[in-house]
Amino acid sequence: EPEVTQTPSHQVTQMGQEVILRCVPISNHLYFYWYRQILGQKVEFLVSFYNNEISEKSEIFDDQFSVERPDGSNFTLKIRSTKLEDSAMYFCASRPDSYEQYFGPGTRLTVT
Amino acid sequence: DAKTTQPPSMDCAEGRAANLPCNHSTISGNEYVYWYRQIHSQGPQYIIHGLKNNETNEMASLIITEDRKSSTLILPHATLRDTAVYYCIVRVGGSGTYKYIFGTGTRLKVLA
C-alpha cells in the first residue's frame, strides 16, 4: 500500500540555522499539507498546497516558512531561521482529489 | 478553533466495544466528520468519515445522529493495539482547500 514518507526522521539544528524537511507524497495525490505538533499539544495546520501554489496557510506559517514541490515528487518545508519554539513533530500529508488525507510518519525537529 | 469536543480520556476492556463520543453542534450541512487516531507520536491514521449516514469499514463504525450534532466512533472489539489518541475532526473548507482543525482528542486506553 502506498505511503507518505518523510526524511529525516529526526533533525537537530542550532537556533538561527535553516532546515529543510522533506516529504514524498503518494504519487497520484494532488493536495499536500504540512502540520506540526509541539510535544504534548494538538496537531496544528500549517499550510496546504495545490497546483504548485499555497492554497491556505495558518498564522503560524509566517515569513520564516516556505514550501516547495521542486521536482514533481518531493514536497519540502523550509524554515529559514529556526527558533527554539519551532521544535516539534512536523507531519506531511497528501490526498487525491477527494477523500481523506494520508499522513507521513513525521520529522522530529529539535532546535538547540 | 476546533469545531468538535471530546472527552479527554476513556478506558475500555480488551475485547469489548469502545464507543467514543464527539459533539459537533455547529457543523454545517455539507461538512464531513472524520476520525483519525494517533499512536504515540506517529502520524495520524485515518479511520473513517461520514456526512449523514452511518458508515462501517474494516476498522470501525461511525454513527451520526440525525441532527448531525454528534457522532460516535465504535471499535467493535478493542485490542491493546487500539490504545491511542482518537481525534474527531470536522473538515473545514471547500473541496479544493479543505484542512483539518484538530482538537485535543480522546485518549483511549485498552486494558488487558
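The structure we're discussing is the one just above.
Residues numbered from 1 in each chain as written. Chains lettered and ligands numbered in written order. Predicted model: local features only at pLDDT ≥ 70, side-chain atom pairs only at ≥ 80, totals over all residues. Heavy atoms only, no water.

(A) The arrangement of unusual backbone geometry in detail. Here the residue pair A:Thr7 and A:Pro8 is connected by a cis peptide bond, since its omega of -10 degrees sits within 30 degrees of zero. Structurally, A:Pro8 is set in the loop between strand S1 (5–7) and strand S2 (10–13). The phi dihedral of A:Asn52 falls on the positive side, at around 65 degrees, and the residue is not glycine. Residue classification places A:Asn52 among the exposed residues on the basis of a relative accessible area of 59%. Residues other than glycine seldom take positive phi values, yet B:Arg68 does so here, at roughly 65 degrees. (Helix = DSSP H or I, 4+ residues; strand = E, 2+ residues; numbered from the N terminus. Buried < 20%, exposed > 50% of the residue type's maximum accessible area, 1.4 Å probe, protein only.)

(B) Seen up close, the interface of chain A and chain B. Each partner contributes residues to the interface: chain A has 20 residues there, and chain B has 19 residues. Each partner contributes to the roughly 1600 Å² buried at the junction of chain A and chain B, and carbon and sulfur atoms together form 53% of this total. One can count one salt bridge joining chain A with chain B. Of all the secondary-structure elements, those providing two or more residues to the side of chain A that touches chain B are strand S4 (31–37), strand S5 (43–50), strand S6 (53–57) and strand S9 (88–95) of chain A. It is S4(A) that provides the largest number of residues to the side of chain A that touches chain B, a total of four residues. Its residues placed into classes, the side of chain A that touches chain B shows ten nonpolar, four polar and six charged. (Contact = heavy atoms within 4.5 Å. Buried area = accessible area lost by both parts, 1.4 Å probe. Salt bridge = Lys/Arg side-chain N within 4 Å of Asp/Glu carboxyl O. Nonpolar A, V, L, I, M, F, W, Y, C, P; charged D, E, K, R; others polar.)

(C) Structural view of the pattern of salt bridges. Per the counting criterion, the structure on display carries four salt bridges over all chains. Of the charged contacts, one joins A:Glu44 and A:Arg36 as a salt bridge, the two residues approaching to 3.1 Å between their closest N and O atoms. Residue A:Arg36 is classed as buried on the basis of its relative accessible area of 10%. In this structure, B:Lys99 engages A:Glu56 in a salt bridge whose closest nitrogen and oxygen atoms are separated by 2.5 Å. A residue pair is termed interchain when its members come from two chains, as with B:Lys99 in strand S9 (residues 99–100) and A:Glu56 in strand S6. On the basis of relative accessibility, which here comes to 25%, the residue A:Glu56 falls in the partly exposed class.

(D) Local environment of the sheet that holds strand S3 (residues 19–24) of chain A. Residues and elements named next belong to chain A. Taken in spatial order, the four strands make up an open sheet running S1-S3-S8-S7, and their pairing is antiparallel. Single-partner strands in this sheet number two, and they are S1 and strand S7 (65–68). This sheet shows a mean twist of 20 degrees between the axes of neighbouring strands, independent of strand direction. (Pairing = 2+ DSSP bridges. Axes fitted to C-alpha atoms, helices over the stretch in contact; angles between N-to-C directions.)

(E) View of the state of the cysteines. Counted according to the given criterion, the structure contains two disulfides over all chains. Bridging A:Cys23 to A:Cys92, the disulfide has an S-S length of 1.9 Å. In this structure the cystine formed by A:Cys23 and A:Cys92 twists about its S-S bond by roughly -60 degrees; its chirality is therefore left-handed. With A:Cys23 in strand S3 and A:Cys92 in strand S9, this residue pair connects regions lying 69 residues apart in the sequence. With a sulfur-sulfur separation of 2.1 Å, B:Cys22 is cross-linked through a disulfide to B:Cys88. With the S-S dihedral at roughly -80 degrees, the linkage between B:Cys22 and B:Cys88 falls on the left-handed side. Here B:Cys22, found in strand S2 (residues 18–23), pairs with B:Cys88, found in strand S8 (residues 84–92); they are 66 residues apart in sequence, far enough to count as distant. B:Cys88 sits in the buried class, given a relative accessible area of 0%. Summary of cysteine pairing: B:Cys12 is not part of a disulfide, and the nearest cysteine sulfur, belonging to B:Cys22, is at 18 Å. (Disulfide = S-S within 2.5 Å.)

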